[in-house]
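Each chain, written out:
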Amino acid sequence: MPAILCKCGNRLNIGEIPNPIEWLMISDIEYDEFQGEIDSEKLYMKFKSLIICQNCKRLICFWDGFNQNPIFYKVDNE
């Protein structure tokens, strides 16, 4: 199963469907491009995948799809 290693060392399963640690997001502008009847496949292709590490709560975002390296965002505890 596909997985990614978080910076904290936690192995994250990214192949589960549906995936309880994956969130899908879309920009407001891209969302507004869809009106009337929507082709769910076309909409789905616009989503960015955001994975949440259960251990350290980092956010791992695949801005350019799963074929590119993700960006890791660490929680600020201030």
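Presented here is an overview of the structure given in this document. Everything numeric here is computed off the predicted structure, so don't read it as measured data.

Rules behind the numbers
- Residues numbered from 1 in each chain as written.
- Predicted model: local features only at pLDDT ≥ 70, side-chain atom pairs only at ≥ 80, totals over all residues.
- Heavy atoms only, no water.
- Helix = DSSP H or I, 4+ residues; strand = E, 2+ residues; numbered from the N terminus.
- Buried < 20%, exposed > 50% of the residue type's maximum accessible area, 1.4 Å probe, protein only.
- Contact = heavy atoms within 4.5 Å.
- Patch = residues over 30% accessible without salt bridge, like charges linked within 9 Å, V, L, I, M, F, W, Y side chains within 5 Å.
- Areas by Shrake-Rupley, 256 points an atom, 1.4 Å probe, with all protein chains shown as cover.
- Salt bridge = Lys/Arg side-chain N within 4 Å of Asp/Glu carboxyl O.
- Pairing = 2+ DSSP bridges.
- Axes fitted to C-alpha atoms, helices over the stretch in contact; angles between N-to-C directions.

Of regular secondary structure, the protein chain possesses two helices and six strands. Going residue by residue from the N terminus, the α and β elements of the protein chain occur as β-β-β-α-α-β-β-β. For the C-alpha atoms alone, the extent of the protein chain along its principal axes is close to 45 × 35 × 20 Å. Considering the protein chain as a whole, with its 78 residues, one finds that 22% of them fall into the buried category. Nonlocal contacts in the protein chain, meaning residues at least 24 apart in sequence, comprise 38% of its contacts between residues at least 6 apart.

Okay, the environment of L50 next. By the element assignment, L50 lies in strand β4 (residues 48–52). When the C-alpha positions of L50 and F66 are compared, they lie 11 Å apart, and in sequence the two are 16 residues distant. Leaving out residues up to four positions away in the same chain, L50 has contacts with I21, E22, W23, M25, L59, I60 and C61.

Below, the discussion takes up a nonpolar patch on the surface. Side chains of L59, W63, I71 and Y73 sit close together on the surface and give an oily, nonpolar patch of about 340 Å² of accessible area. Note on placement: Y73 falls in strand β6 (residues 71–73). Residue Y73 is classed as partly exposed on the basis of its relative accessible area, which comes to 36%.

Once that is clear, we can look at the sheet that holds β6. In sheet architecture, strand pairing relies on hydrogen bonds along the backbone and comes in two forms, parallel and antiparallel. Strands sit in the order β3-β4-β5-β6 across an open sheet of four strands; the sheet is antiparallel. With partners counted over all chains shown, the strands left at the sheet margins are β3 (22–25) and β6, one partner each. Within this sheet the neighbouring strands show an average axis-to-axis angle of 25°, counted without direction. Bridge count between β4 and strand β5 (residues 59–62): four bridges; the pairing is antiparallel. Paired with I52 across the two strands is L59, which belongs to β5.

A full pass over the atoms with the stated rule returns one salt bridge. A salt bridge links K46 to E33, with the nearest nitrogen and oxygen atoms 3.9 Å apart. Here the residue K46 occupies a position in helix α2 (residues 40–46), and E33 occupies one in the loop between α1 (28–32) and α2, the gap between them amounting to 13 residues.

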